[in-house]
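Listed below, chain by chain, are the residues.
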Amino acid sequence: PELLILDEATLGLDHPETLTAVNNLATLYRLMGKHEAAEPLLLRAVAGSEASLGLDHPDTLAAVNNLAVLYNSKGKHGLAEPLHRRALAGREV
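Basis of the calculations
- Residues numbered from 1 in each chain as written.
- Predicted model: local features only at pLDDT ≥ 70, side-chain atom pairs only at ≥ 80, totals over all residues.
- Heavy atoms only, no water.
- Helix = DSSP H or I, 4+ residues; strand = E, 2+ residues; numbered from the N terminus.
- Contact = heavy atoms within 4.5 Å.
- Axes fitted to C-alpha atoms, helices over the stretch in contact; angles between N-to-C directions.
- Parallel < 35°, antiparallel > 145°, perpendicular 65-115°, else oblique.
- Left-handed = near helix turned anticlockwise from the far one by under 90°.
- Salt bridge = Lys/Arg side-chain N within 4 Å of Asp/Glu carboxyl O.
- Buried < 20%, exposed > 50% of the residue type's maximum accessible area, 1.4 Å probe, protein only.

Engineer: Would you mind going over the environment of Val 46 with me for this structure?
Structural biologist: Tracing the backbone through its elements, the reader meets Val 46 in helix H3 (residues 35-53). Taking the C-alpha atoms as reference, Val 46 lies 9.3 Å from Asn 66; in sequence the two are 20 residues apart. Ignoring any residue separated from it by four or fewer positions in sequence, one finds Val 46 in contact with Ala 63, Val 64 and Leu 67.

If you want it as structure tokens, here you go:
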């Protein structure tokens, strides 16, 4: 993904726009059924967003929700539920 590489080189690995690109690429992989490729990207998006934006920032919560959706797709409902609950709680505030 050339745009992701450009974002990383131009903005840095943990810049919010880079992390959005990482999240979007992971979502594409999930939709393509490439769950194993999507998971490390979503974990990176969550961790980077938490560090740079905070735990309750909308972009962080979107990444958390996308990770939960991935876990649901993989049948890992026990991992997905607390993430869905976290995303919901953050949006209800």
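Engineer: Which parts of the structure should I look at to understand the packing of helix H2 (residues 16-31) against helix H4 (residues 58-73)?
Structural biologist: The description of two packed helices rests on the angle between their axes and on the distance between the axes. In contact at an axis separation of 11 Å, H2 and H4 are set at 20° when each is read in the N-to-C sense. Looking at the two axes, H2 sits roughly parallel to H4. Where H2 crosses over H4, the handedness of that crossing is left-handed. Across the interface between the two elements, Thr 20, Asn 23, Thr 27 and Arg 30 of H2 pack against Asp 59, Ala 62, Ala 63, Asn 66, Val 69, Leu 70 and Ser 73 of H4.

Engineer: I keep staring at the environment of Gly 33 and nothing clicks. Help me out?
Structural biologist: Looking at the secondary structure, you find Gly 33 in the loop between H2 and H3. The spacing of Gly 33 and Lys 74 is 41 residues in sequence and 9.5 Å in space, taken between C-alpha atoms.

Engineer: Whenever I open this one, the pattern of salt bridges confuses me. Can you help?
Structural biologist: Side chains carrying opposite charge are able to pair once their charged atoms draw close together. Using the criterion set out here, one finds four salt bridges in the structure. Put simply, Glu 36 and Lys 74 hold a salt bridge, and the shortest N to O gap is 3.2 Å. Residue Glu 36 is located in helix H3, and its partner Lys 74 is located in the loop between H4 and helix H5 (77-92); the two are separated by 38 residues in the primary sequence. Between Glu 50 and Arg 86 there is a salt bridge, with the nearest N and O atoms lying 2.8 Å from each other. With a gap of 36 residues between them, Glu 50 in helix H3 and Arg 86 in helix H5 connect regions that are remote in the sequence. Among the residues examined, Glu 50 registers a relative accessible area of 25% and is labelled partly exposed. One continuous salt-bridge network, built from bridges that share partners, spans Glu 36, Glu 39 and Lys 74.

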